[in-house]
Amino acid sequence: MESLFGRYRNLIVLVGVLFAQILGLAMQVKRTNDIESTRLIRVWVVDAVSPPEKLLAWVQAAVGGVWHNYFYLRGVRADNRALKQEIERMRLEEVRVSQDADQARRLQALLAFKEQFISQTVAAQVIGSSGSEQSRAVYIDKGEDAGIKPDMAVITADGVVGKVLHVYGSTSLVLLINDQTSGVGAILEKTRLQGILRGTPAGEIALEKVMSDETVPVGELVLTSGGDRIFPKGLPVGRVTKVSPGSDLFLNIRVKPAISLSRLEEVLVVTKIDERQTEPDRSATARAADILSERLPTVPPKAENAPGGAAAPSSSSSAPKPAAEAKPKVSPSATVPNGTAPVARKAVTPPPSSPGSLVKPAAEAKPKVSPPAPAPNGTAPVARKAVTPAPSSPGSPSKSAADIKPKVSPPASAITGTVPPARKALMPPPPSAGNVSKVAAGNGAKTSPKPVKPATEPKTQPAAQETPQ
Amino acid sequence: MAITYTSGEQVEVYRFSIPATILIPLAAIFLQAWLPLKLHFFRVFDLPLLVTIGFATARRSQLAGLFTGGIIGLLQDALTHQPIGLYGISKTVVGFGASSLGIKLDVEHAGARFLLTIAFYVVHEIVYFMIARGLVSLHLEWSWSRELWSGLANAFLGVLLYALMDRVKQRT
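Residues numbered from 1 in each chain as written. Chains lettered and ligands numbered in written order. Predicted model: local features only at pLDDT ≥ 70, side-chain atom pairs only at ≥ 80, totals over all residues. Heavy atoms only, no water.

1. Quick notes on the overall build of chain B
In step 1: Of regular secondary structure, chain B possesses six helices and two strands.
In step 2: Listing every helix and strand of chain B by position from the N terminus yields β-α-α-α-α-α-α-β.
In step 3: Within chain B, the proportion of its 172 residues that are buried is 52%.
In step 4: Excluding contacts between residues fewer than 6 apart, the proportion of contacts in chain B whose partners are at least 24 apart in sequence is 69%.
In step 5: Accessible surface, chain B as shown: approximately 7,900 Å² in total, 72% of it carbon and sulfur. (Helix = DSSP H or I, 4+ residues; strand = E, 2+ residues; numbered from the N terminus. Buried < 20%, exposed > 50% of the residue type's maximum accessible area, 1.4 Å probe, protein only. Contact = heavy atoms within 4.5 Å. Areas by Shrake-Rupley, 256 points an atom, 1.4 Å probe, with all protein chains shown as cover.)

2. Some points on the overall build of chain A
In step 1: Assigned secondary structure in chain A consists of eight helices and 15 strands.
In step 2: When contacts within chain A are restricted to residue pairs at least 6 apart in sequence, long-range pairs at least 24 apart make up 65% of them.
In step 3: Carbon and sulfur atoms provide 58% of the accessible area of chain A, an area that totals close to 25,400 Å².

3. Some points on the pairing of strand β4 (residues 137-140) of chain A
Residue and element names in this part refer to chain A.
In step 1: Burial along β4 is two-sided: Ala137 and Tyr139 facing one way and Val138 and Ile140 facing the other are all buried.
In step 2: Where β4 meets strand β7 (residues 172-176), four bridges bridge the pair, whose relative direction is antiparallel. Across the sheet, tyrosine 139 pairs through a bridge with leucine 173, a residue of β7. (Pairing = 2+ DSSP bridges.)

4. Thoughts on the interface of chain B and chain A
In step 1: Contacts between the two partners involve 39 residues from chain B, matched on the other side by 38 residues from chain A.
In step 2: Carbon and sulfur atoms make up 61% of the surface buried where chain B meets chain A, a total of about 3,200 Å² over both sides.
In step 3: Among the residues of chain B in contact with chain A, Arg43, His81 and Leu135 of chain B are the three that bury the most area, contributing 21% of the side total.
In step 4: The tally of links from chain B across to chain A stands at 14 residue pairs in polar contact (both at pLDDT 80 or more).
In step 5: Going through the elements one at a time, α1 (18-38), α3 (62-79), α4 (86-104) and α5 (110-136) of chain B are the ones with two or more residues in the side of chain B that touches chain A. (Buried area = accessible area lost by both parts, 1.4 Å probe. Polar contact = N/O pair within 3.5 Å; in protein donor to acceptor, adjacent residues only side chain to side chain.)

5. Points about the sheet that holds strand β13 (residues 251-257) of chain A
In step 1: Spatial strand order, β8-β9-β10-β13-β12-β11 (chain A): six strands in a closed barrel with antiparallel pairing. In this sheet, adjacent strand axes meet at a mean angle of 45° when their direction is disregarded. (Axes fitted to C-alpha atoms, helices over the stretch in contact; angles between N-to-C directions.)

6. As for the packing of α1 of chain B against helix α2 (residues 47-59) of chain B
All names here are of chain B.
In step 1: In contact at an axis separation of 8 Å, α1 and α2 are set at 155° when each is read in the N-to-C sense. What the angle tells us is that α1 and α2 run roughly antiparallel. In this structure, α1 uses Ala20, Thr21, Ile24, Pro25, Ala28, Ile29, Leu31 and Gln32 to contact α2, whose residues at the interface are Leu47, Pro48, Val51, Phe55 and Arg59. (Parallel < 35°, antiparallel > 145°, perpendicular 65-115°, else oblique.)

7. Details of the side chain of lysine 169 of chain B
Residue and element names in this part refer to chain B.
In step 1: Along the polypeptide, lysine 169 turns up in strand β2 (residues 169-171).
In step 2: We classify lysine 169 as buried; its relative accessible area is 14%.
In step 3: Among the polar contacts made by the side chain of lysine 169, one reaches the side chain of glutamate 108 at a distance of 3.4 Å.
In step 4: Looking at lysine 169, its side chain comes within polar contact range of the side chain of aspartate 166, at 2.7 Å.
In step 5: Those residues in contact with lysine 169 that sit more than four places away from it in its chain are Tyr14, Arg15, Phe16, Ala58, Glu108 and Arg113.

8. Thoughts on the confidence of the model for chain A
In step 1: When pLDDT is averaged along chain A, the result is 69; 55% of the residues meet or exceed 70.
In step 2: In this model, residues 306-426 of chain A is a region of pLDDT below 50 whose contacts with residues beyond four sequence positions or in other chains number 246 contacts. (pLDDT = per-residue confidence, 0-100.)

9. Some words on a nonpolar patch on the surface
Residues and elements named next belong to chain A.
In step 1: Together, Val66, Trp67, Tyr70, Phe71, Tyr72, Leu73 and Val76 make up an exposed nonpolar region whose accessible area comes to about 760 Å².
In step 2: Broken down by element, the residue count for the nonpolar patch peaks at four residues, all from helix α3 (residues 40-71).
In step 3: Classification of leucine 73 by relative accessible area gives partly exposed; the value is 43%. (Patch = residues over 30% accessible without salt bridge, like charges linked within 9 Å, V, L, I, M, F, W, Y side chains within 5 Å. Salt bridge = Lys/Arg side-chain N within 4 Å of Asp/Glu carboxyl O.)

10. Observations regarding the packing of aromatic side chains
Residues and elements named next belong to chain B.
In step 1: Taken as a whole, this structure holds seven aromatic pairs over all chains when the rule is applied.
In step 2: Ring plane angle 50° and centroid distance 5.1 Å describe the contact between phenylalanine 42 and phenylalanine 45, whose orientation is recorded as tilted. We note that phenylalanine 42, like phenylalanine 45, is buried.
In step 3: Each residue in the set Phe129, Trp142 and Trp144 is aromatic and connected to the rest through ring pairs, giving one cluster.
In step 4: Sitting over the face of the ring of tyrosine 14, lysine 169 holds its NZ or CZ atom 4.1 Å from the ring centroid. (Phe/Tyr/Trp six-rings, centres within 6.5 Å; stacked < 30°, edge-to-face > 60°. Lys NZ or Arg CZ within 6 Å of the ring centre and 35° of its normal.)

11. What to know about α1 of chain B
In an α-helix, one turn spans 3.6 residues; hence positions three or four apart end up facing the same way.
Residues and elements named next belong to chain B.
In step 1: Taking 1.5 Å per residue as the helical rise, α1 with its 21 residues ought to reach 30 Å, and the 30 Å between its terminal C-alpha atoms agrees with that figure.
In step 2: Remark: the principal bend of α1, roughly 30°, maps to glutamine 32, with a proline, proline 36, within the next four residues.
In step 3: Listed as buried for α1 are Ala20, Ile24, Pro25, Ala28, Ile29, Gln32, Ala33, Leu35, Pro36 and Leu37. (Expected span 1.5 Å × (residues − 1). Bend = angle between axes of the 7 residues up to and from the residue.)

12. Describing the pattern of salt bridges
In step 1: If you walk through the whole model with that rule in mind, you get 15 salt bridges over all chains.
In step 2: Here glutamate 86 of chain A and arginine 89 of chain A are joined by a salt bridge, their closest N and O atoms 2.7 Å apart. Taken together, the positions of glutamate 86 of chain A and arginine 89 of chain A, both in helix α4 (residues 76-108) and three residues apart, correspond to about one turn of that helix.
In step 3: Here aspartate 166 of chain B and lysine 169 of chain B are joined by a salt bridge, their closest N and O atoms 2.7 Å apart.
In step 4: Connected through salt bridges with shared partners, the residues Arg60, Glu108, Arg113, Asp166 and Lys169 of chain B form a single ionic network.

13. As for the pairing of strand β10 (residues 205-208) of chain A
Within a regular strand, the side chains alternate between the two sheet faces.
Residue and element names in this part refer to chain A.
In step 1: Judged from the four bridges that link them, strand β9 (residues 194-199) and β10 form a sheet pairing that is antiparallel. Following the sheet pairing, leucine 197 is matched in β10 by leucine 207.
In step 2: In sequence, β9 turns back onto β10 through a hairpin of five residues, with glycine 203 there showing a positive phi of about 90°.
In step 3: In this structure, β10 lies alongside β13, joined through three bridges in antiparallel fashion. Bridge pairing in β13 links isoleucine 205 to valine 255.

14. Focus on unusual backbone geometry
In step 1: Unlike most non-glycine residues, aspartate 151 of chain A shows phi in positive territory, near 70°.
In step 2: You can see aspartate 151 of chain A is positioned in the loop between β4 and β5 (153-155).
In step 3: At arginine 60 of chain B, a position not held by glycine, the phi torsion is positive, near 55°.
In step 4: Inspection of the secondary structure puts arginine 60 of chain B in the loop between α2 and α3.

Listed below in structure tokens is the structure:
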């Protein structure tokens with residue numbers, strides 16, 4: 001024995017050291033499935049122990065089954081077992097039904113949406129890399145002492161860099177977006193398709209989870225969707241450079257980052273994000289019927305009623321003011337199908353931004369009214385025909401629906417804060433497909449009646465896209 | 001009688017001073033983390049690996065080689081966000097192998113060092129690839145051409161580095 005150990009001492013030590021390191025790896029690495037992640041060492045131990053346990057349990061069940069089913073109270077136990085299963089099934093169903101009821105109650109209260117604004121950033125310098133091609137991360141010279149915390153977004157003026165992974169005393173490790181363990185919620189600017197940005201082993205960026213039947217043009221701008229709750233919405237990530245069919249149901253989309261991730265020198269760490277919640281005008285105690293009537297087209301005033309009178313803000317918007325004012329576009333930009341920038345950010349002149357802040361917080365974005373989808377001549381859209389809404393009758397709903405034009409937003413000039421209180425949000429529009437990134441606070445804001453989207457709604461870009469970059 | 005370096009019993013064994021033993025690996029790790037920021041092509045090189053091979057072939061001790069490689073690899077792992085142990089295992093194997101070969105072969109010649117570096121670079125990448133794919137489930141892509149070209153580049157740098165390390169090694 002001693003001679004064996006002496007002869008193969010070095011090899012034994014090598015095996016021991018390798019085993020110790022593999023054990024250390026197994027204690028760190030987690031295997032992730034759809035439900036949870038488990039340390040590798042647990043997986044190994046469970047995989048080693050569970051087969052004998054299953055065998056023993058099977059043997060025990062078999063022996064017990066033979067005894068109880070054929071030698072002892074044959075059939076009675078089967079009936080008892082069936083009844084117990086029935087009871088358990090009914091209990092589970094009862095739990096499910098009560099959960100459904102709870103969910104229904106929660107959904108009824110789920111109304112408000114919050115928008116995120118970068119309100120504070122910390123500038124940092126890139127001081128080192130991870131030294132490995134398989135680990136695309138950089139070190140910055142700011143750490144816990146500067147208020148940095150894990151999972152803070154790291155950006156530059158041109159786009160997204162990554163997120164803070166580890167924080168030390170005076171340094172932090174930032175995981176770049178082109179690392180294969182990184183993931184960023186993304187949305188295409190024009191098509192509003194959402195996906196997940198992931199790094200590839202070669203250091204490129206791929207947009208995943210876009211269905212293969214979608215059309216993605218090359219050159220389209222990719223923005224953050226905000227769905228990951230790390231990066232504020234609307235930050236540029238890059239441009240689509242290549243689209244090809246993937247091996248599964250999704251497209252294979254390559255994205256060129258907006259910034260050069262291999263030439264980083266200075267970055268900004270987003271340390272504070274404000275969430276602004278649109279507040280519905282609770283002072284207005286309008287009835288649902290009144291609100292609906294406001295949205296229906298009305299008869300335009302006659303000529304002797306002062307064509308340039310104060311009643312109509314413009315000649316074309318002869319629609320009733322309440323109707324015109326009833327469209328507070330409190331929804332975030334994602335609801336605008338034509339790819340406009342976030343509404344709240346361009347509603348008012350932003351206050352002086354904090355140093356390093358990228359997106360000017362729309363502090364006075366109270367009148368969250370959307371800019372009008374301008375008509376080509378720049379006037380407010382002729383949204384409402386002057387038709388007095390008839391009482392609901394079997395023949396009339398379609399006519400009313402046909403006459404209901406796009407929500408009359410106030411003219412752009414009215415967005416700058418001079419909108420009278422009556423134009424403030426009465427009811428936020430219901431969530432649309434692009435609204436998934438918003439936090440639904442469910443603070444009891446009123447639900448909005450479903451706005452009717454007309455077929456002739458102009459799909460034009462808003463006048464100003466003031467999202468600062 | 002002249003000492004011939006081709007004989008197994010007469011091969012010279014070197015050692016390094018304690019400051020050199022500590023500072024050289026640390027410098028290699030620091031440069032590996034810092035230089036790619038300034039010289040983007042430097043990502044191809046693996047300075048800690050070259051230092052591991054240099055130490056292993058000079059000391060010609062399997063125990064010393066595997067421990068040196070293991071420690072350097074673990075330190076390199078600590079800078080990444082991957083689990084600690086990937087480079088540790090790879091460089092442990094390389095350290096053991098390089099010192100084993102150093103006992104048998106003449107590794108003082110530049111040509112031998114060049115070929116040795118290419119071979120162990122590929123071995124290192126294979127071990128890393130297997131551990132990363134098999135245990136950590138990283139999605140890595142293997143390309144023989146890329147690894148061979150990287151091995152060539154590392155071999156050129158390694159020959160220069162070993163010549164520098166020759167200046168600080170001491171005969172036992």
